Every structure is written in structure tokens, then in C-alpha cells.
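# Survey of secondary and tertiary structure
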Amino acid sequence: MSKLIKINSKDNVAVALDDLQKGYTENGVTALEDIPKAHKILLSDIKAGENVIKYGYPIGHVTCDLKKGSYIHEHNLKTNLTDSFDYSFSGDNAYIPQKSDVMINAYKREDGKVGIRNEIWIIPTVGCANKACEQLAAIGNNIISDGCDGVFAYTHPYGCSQLEEDFENTQKILSALVKHPNAGGVLVVSLGCENNNLSVFKPVLGDYNSDRVKFLCLQEAADEIAKGTELLKQIYNCIKNDRREPVGIDNLVVGYKCGGSDAFSGITANALCGKVNDKLTTFGATTVLTEVPEMFGAEHLLMARAENRTAFDKTVNLINSFKKYFSDNGVVCYENPSPGNHAGGITTLEEKSLGCVQKGGTSVVTDVLGYGERCRTKGLNLLSGPGNDIVSTTNLTAAGAHIILFTTGRGTPLGAPVPTLKISSNTDLFNHKKGWIDFNAGEVVDGADLDSLADSLFNLIVDIANGNRTKNEQNGYREISIFKNGVIM
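## Digging into the pattern of salt bridges
Applying the stated criterion to the full structure yields 22 salt bridges. For Lys 54, the salt bridge goes to Glu 351, with nearest N and O atoms at 2.7 Å. Taken together, the residues Lys 54 in strand 6 (residues 51-54) and Glu 351 in helix 9 (residues 349-356) connect sequence positions 297 residues apart. Residue classification places Lys 54 among the buried positions, given a relative accessible area of 1%. Judged by relative accessible area, which is 2%, Glu 351 ranks as buried. With a shortest N-O distance of 3.1 Å, Lys 131 and Glu 134 are connected by a salt bridge. In this pair, Lys 131 and Glu 134 are both assigned in helix 1 (residues 130-143), three residues apart and thus about one turn of the helix distant. We classify Lys 131 as exposed; its relative accessible area is 58%. If you follow the salt bridges from partner to partner, you end up with Arg 117, Glu 119, Glu 473 and Arg 478 in one network.

So, in C-alpha cells, the structure goes:
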């Protein structure tokens, strides 16, 4: 069985499918040293300063002359990225979705959206209310019965002593969670004296159904737990008769996220998501790709697929704004791969990014969203935000994602407020952490057909939309985090 995989015909490196001992030979290439599984071996001689090619594109340059069979990693490969770059618009790309007969069973909401869960969410406006919210969630789960999928508190440390953009971001995320269609009802809990008190927060919400969205001010209630319990009973009585109805797959919003990536992520799990993404967008569904720092070095691939000049310009601004965020904080924009990424065989940000954007497949980029904005356009959307796992999954949820496809090569138990479907990039992880992982994309390197696996994953997404629970839901792993950039007073 082959121990090497060359991803693209243009590549001058291959990825080791197993640990390679010095002297291992395959297809005329002999390992000049031990090479760990998932790491890179050079396929031809190369001079100092020349590019290493993977996925058909440069992932950096070598720092010295190297012979075929050399081990390529951080000791001899450096990024080509700089803080700025000029981009050129290459023309329009038509997005023409096709009618599909694929249906899901979902809850129709009065604002025209659909939800795939009928839950009660408890949202604190400020961190001081967190523990009361957790107590109320525990009580709420003893109150509910049929017709509600659970009561969940989404705690966070913000909502007071924040200024300007940070405060606005907190309000954007929290208001988007209150309006999320997977929540049939919401209890908003305020302390009373915080910056984000109810008189300030309610106008941000806009219109809402007062039978389904209730408010509790802890300082005003003599017994806040008793009052909160009564409000939860009212919410449950309102939503318990909600029923699933057939709706088209084009109503679905799917977010993409990778965390704890390894060198197989771009070959298996992310590539698999790309296949599924193309199928979803072809059927008129909405998909969302975020983690802007993990687009650096691969952004040109997304820009080339912009639907029109407007989408292109917004993508350029998305990239350059995030690069400015790095430089304003005195950080170079390409210092991104984590220790886990390096251990998993990823050396440079270009390499990580080229693997990361595989999740977007070949779909046309129809819109670009700011942090905390909600989807308004079908097709593939790009969402501003960092790569941090909890911040990203919260951001995707706030954008309206019903489900998040989370690819991983190292493993994580993390879950968002919405079903978070974990896809392993390698079979070892799937076998080792069956309690975390929902789907094994590692079968790709084991010989499985990528298109057949994509069909299986698509069917699993439909099953989850219809009510089947992901591992994070089964384990009770759900949390949020909000992007912070400024000072705390």
C-alpha cells in the first residue's frame, strides 16, 4: 500500500500517510531522514528561495538547497506572505441554483425563517447574570416535556465596562442569538445596572414576539429564580405545540469551521465539506465560511469566484481589514498555525489556508458579512471573524447557521448553540474519540470514494436537520464566546 499522497499534479511535495523511516523508497523517492505521518517529503531537488508547491499553489519557500526525499517543515520552509497585496478583479461568476426535491422537516417561524430545533435559550445581557441563568436552565429542563428540545443558558463575561466596537459586537451577537430560529423561545436575563441593560438592549433586537421572548431583570425581581421559572413556564406553554413541517433544503443554512487541523484536513475532511458545499449551494441553500486569518494565502481563490465586482470588493476589504487588525496590534498576519497544526504537519499559513478554503468547494461567493451580521443571500457567504474555535462557532451561529460542519485532525469536544457535526480528517482520530466525532473523512486516504462519502455526509446533514442529534448535543457540549478587540473599563 502506498504511504505517500500527492494532492495536485503541480505539487513538488507529497504527504506521508504513515510514519516514514529513513531509507523508505516509493516511486523513485527515498526518504533522507525519518518523516512523521502527515508531514511533507520533497519530490524533486530544489534551490534556496524556490517555492514548495502543495494543492497546486506555493505554500512558502525553502531556506536552503534541498535534495529529493528531504523532510520539509518549519526548519527549512518559510512563508511567502506579507502584510499587503494588490488584488485584481477577474470578472463575474453567475450563481444559478437549481430546484431540488430534497426536503427537510423544520419549524416554520413567523419571520419566514425555519428552525431545525425547538429549544428555549437563556441569554444573559451581562456576565453578572451568568449563574442565575445556569440555575434557571437546570430548572427549565425539569419543567419542559414534549414539544421542546431542551433549555440552554449561553453565558459569557461581557455586556458591561465595554466601549464602542466591543460593546456593539456583544449586542450584535446576543441579539442574533435571541432571534435565531433554532430557539422557539428565549428568556433574556439582565442584571439591571449594566451598560447592556434592557432599555439599551431591546431597541437592538428590533421586532420580536413577546409571547416567545421574555425578559427578566434580576435587580427588579424580589425572587429572581421564582420569577424566571414562571417566565420559562410561559415560554414553554407557547412553543410546546410547534410542529415540524416539510420545507425545501434551500431553507438550510450551514456553517463551516476547522479546528485542530492536521495535514490531512485539506485532503480529506475539508475537501469532503467542499463537495457537500457545492451540492448545497447548487440546491439554493446558504453556506458560510469564516476564519479570515485562515484565508490568508488562499484568498485569491475565493476572489476569483466572486459573483460580481461588489462581492469581489467586499472580499478584498474583508482580507485587508483583518490584516490591518493584525498590524494595528503589532502582530504579523502570517503567524497563525498553532502548535497542534505544526505537530500535525502544517508548516505555513499558506498551507493551512489552502487546506482551510477547501471547505468552500468551487462555489460562487455571493456575499460577504461583517462580524455579527446575519445571512441575507443564498450561496456561499464569507463571514468576517477570527479563527478561534469558540468565537468562530458563535459567529456562525449568529449569522444564522442551523448546523456547523466542524472538521478536525486533532479532535475537540467543543459545541456551538447549534448542532456541531464533527468530521475527523483521519481514521485514527475517529477510532480514538468516537464520543466526539460524528463522521470519518479519513476513509478518503483509506481508499473510499470522495463522492460517495460526500453523499453520505449530505444524508447525515439531512438527518440532523430532521432531528437526529450530533455528538456535541448528546454530550451537552454547548458554549459561546464573543470577539473582543478593545479595552475593558
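## Here we look at the nonpolar core
Of all hydrophobic cores here, the largest spans 74 residues; its most connected members are Ile 249, Leu 405 and Ile 423. In this structure Ile 423 touches Ala 269, Cys 273, Leu 405, Phe 406, Thr 407, Thr 408, Ile 437, Phe 439, Ala 441 and Leu 457, once residues within four positions along its chain are discounted.

## Thoughts on the pairing of strand 18 (residues 286-289)
Side-chain alternation along strand 18 places Thr 286 and Val 288 on one buried face and Thr 287 and Leu 289 on a second face that is also buried. Sheet topology places strand 17 (residues 253-258) next to strand 18; four bridges connect them, and they run parallel. Residue pairing across strands places Tyr 256 opposite Leu 289, the latter belonging to strand 18. With helix 5 (residues 269-282) bridging strand 17 and its parallel neighbour strand 18, the resulting β-α-β unit is right-handed. Relative to strand 20 (residues 379-383), strand 18 runs parallel, the two being bridged by four bridges. By the bridge assignment, Thr 286 is partnered in strand 20 with Gly 379.

## Overview of the packing of helix 2 (residues 164-178) against helix 10 (residues 389-398)
Packing of helix 2 against helix 10 leaves a shortest axis separation of 8 Å and a crossing angle of 55°. Considering the angle they form, helix 2 stands oblique to helix 10. Judged by the twist between their axes, the crossing of helix 2 over helix 10 is left-handed. Only Thr 394, Asn 395, Thr 397 and Ala 398 of helix 10 make contact with helix 2, whose side of the interface consists of Ile 173, Ala 176 and Leu 177. Classifying every residue of the contact of helix 2 with helix 10 by side-chain character gives four nonpolar, three polar and no charged.

## Some details on the state of the cysteines
Summed over the entire model, instances satisfying the criterion amount to zero disulfides. Not engaged in a disulfide, the cysteine Cys 193 finds its nearest cysteine sulfur in Cys 160; these two sulfurs lie 6.5 Å apart. Judged by its relative accessible area of 55%, Cys 193 falls in the exposed class. Here Cys 217 is not disulfide-linked; the sulfur of Cys 193 is the nearest cysteine sulfur, at 8.4 Å.

## So, the environment of Asp 428
In this fold, Asp 428 is placed in helix 11 (residues 427-432). Looking at Asp 428, its side chain comes within polar contact range of the side chain of Lys 37, at 2.7 Å.

## Quick word on a negative patch on the surface
On the surface, Asp 18, Asp 19, Glu 33 and Asp 34 cluster together into a patch of negative charge. By the element assignment, Asp 19 lies in the loop between strand 2 (13-16) and strand 3 (25-26).

## Side note on unusual backbone geometry
Glycine aside, negative phi is the norm for most residues, and most peptide bonds take the trans geometry. The backbone phi angle of Asn 27 is positive, close to 50°, even though this residue is not glycine. The topology assignment puts Asn 27 in the loop between strand 3 and strand 4 (29-30). Under the relative-accessibility criterion, Asn 27 is labelled exposed at 75%. Of note in this structure, Ser 161 is not a glycine but carries a positive phi near 60°. Mapped onto the secondary structure, Ser 161 falls in the loop between strand 13 (151-153) and helix 2. What makes Ser 161 partly exposed here is its relative accessible area of 26%.

## Topic: the environment of Gly 56
With respect to the helices and strands, the residue Gly 56 is situated in the loop between strand 6 and strand 7 (57-62). Residue Gly 56 is classed as buried on the basis of its relative accessible area, which comes to 13%. C-alpha of Gly 56 to C-alpha of Cys 375: the two residues are 319 residues apart in sequence and 32 Å apart in space. Excluding anything up to four places from it in sequence, Gly 56 contacts Asn 8, Lys 10 and Asp 11.

## Remarks on the sheet that holds strand 14 (residues 183-190)
Taking strand neighbours across the sheet as the criterion, the four strands line up as 13-12-14-15 in an open arrangement whose pairing is parallel. Both outer strands of the open sheet, strand 13 and strand 15 (213-217), are each paired with one neighbouring strand and no more. Going across the sheet, the axis of each strand differs from the next one's by a mean of 20°, ignoring polarity. Relative to strand 14, strand 12 (residues 119-124) runs parallel, the two sharing six bridges. Across the sheet, the residue bridging to Pro 124 is Val 189, located in strand 14. Where helix 1 meets the sheet, it contacts strand 12, strand 13, strand 14 and strand 15, and its direction lies at approximately 170° from that of strand 13. Taken strand by strand, helix 3 (residues 198-205) contacts strand 14 and strand 15, and its axis lies near 165° from that of strand 15.

Criteria and thresholds
- The written sequence of each chain sets the order in which its residues are numbered from 1.
- Totals for whole chains, interfaces and linings use all residues, but because this is a predicted model, local features are given only for residues with pLDDT of at least 70 and pairs of side-chain atoms are given and counted only at 80 or more.
- Only hydrogens and water are set aside; all other atoms, that is, all heavy atoms of the structure, feed into the side-chain values.
- A pair is scored as a salt bridge if a Lys or Arg side-chain nitrogen falls within 4 Å of a carboxyl oxygen belonging to Asp or Glu.
- Strands here mean DSSP runs of E at least two residues long; helices mean DSSP runs of H or I at least four residues long; both are numbered from the N terminus.
- Per-residue accessibility, obtained with a 1.4 Å probe over protein chains only, is compared with the maximum for each type, and a residue is labelled buried under 20%, exposed over 50%, and partly exposed between these values.
- Take the buried Ala, Val, Leu, Ile, Met, Phe, Trp, Tyr and Cys residues and link them wherever side-chain atoms come within 4.5 Å; each set so joined is a nonpolar core.
- Two residues qualify as a contact provided that any one of their heavy atoms is within 4.5 Å of a heavy atom in the partner residue.
- Only strands that DSSP links by at least two bridges are regarded as paired with each other.
- Throughout, right-handed denotes a crossover for which the path from the first strand over the helix to the second runs clockwise when the strands point away from the viewer.
- Lines fitted to C-alpha atoms define the axes, with helix axes restricted to the stretch in contact, and inter-axis angles between N-to-C directions lie between 0 and 180 degrees.
- For classification purposes, an angle smaller than 35 degrees is called roughly parallel, one larger than 145 roughly antiparallel, one from 65 to 115 roughly perpendicular, and anything else oblique.
- Helix crossings get a hand from a simple test, with the near helix turned counterclockwise from the far one by less than a right angle marking a left-handed crossing and a clockwise turn marking a right-handed one.
- Only Asp, Glu, Lys and Arg are considered charged, only Ala, Val, Leu, Ile, Met, Phe, Trp, Tyr, Cys and Pro nonpolar, and every remaining residue, Gly among them, polar.
- Note on disulfides: each one is a pair of cysteine sulfur atoms within 2.5 Å.
- Think of a polar contact as two N or O atoms within 3.5 Å of one another; within protein, one of them needs to be a possible hydrogen donor and the other a possible acceptor, and neighboring residues in sequence only count if both atoms come from side chains.
- Patches were defined on residues exceeding 30% relative accessible area and lacking a salt bridge, with like-charge contacts within 9 Å and nonpolar side-chain contacts (Val, Leu, Ile, Met, Phe, Trp, Tyr) within 5 Å.
- The accessible surface values rely on the Shrake-Rupley method and a 1.4 Å probe; as for residues, cover is taken only from the protein chains in view.
- Charge convention: Lys and Arg are scored as positive, Asp and Glu as negative, and His as well as the terminal groups of each chain are ignored.
- Just so you know, the charge point we use is NZ for Lys, CZ for Arg, CG for Asp and CD for Glu.

Function cannot be read off these values alone, since they describe shape.
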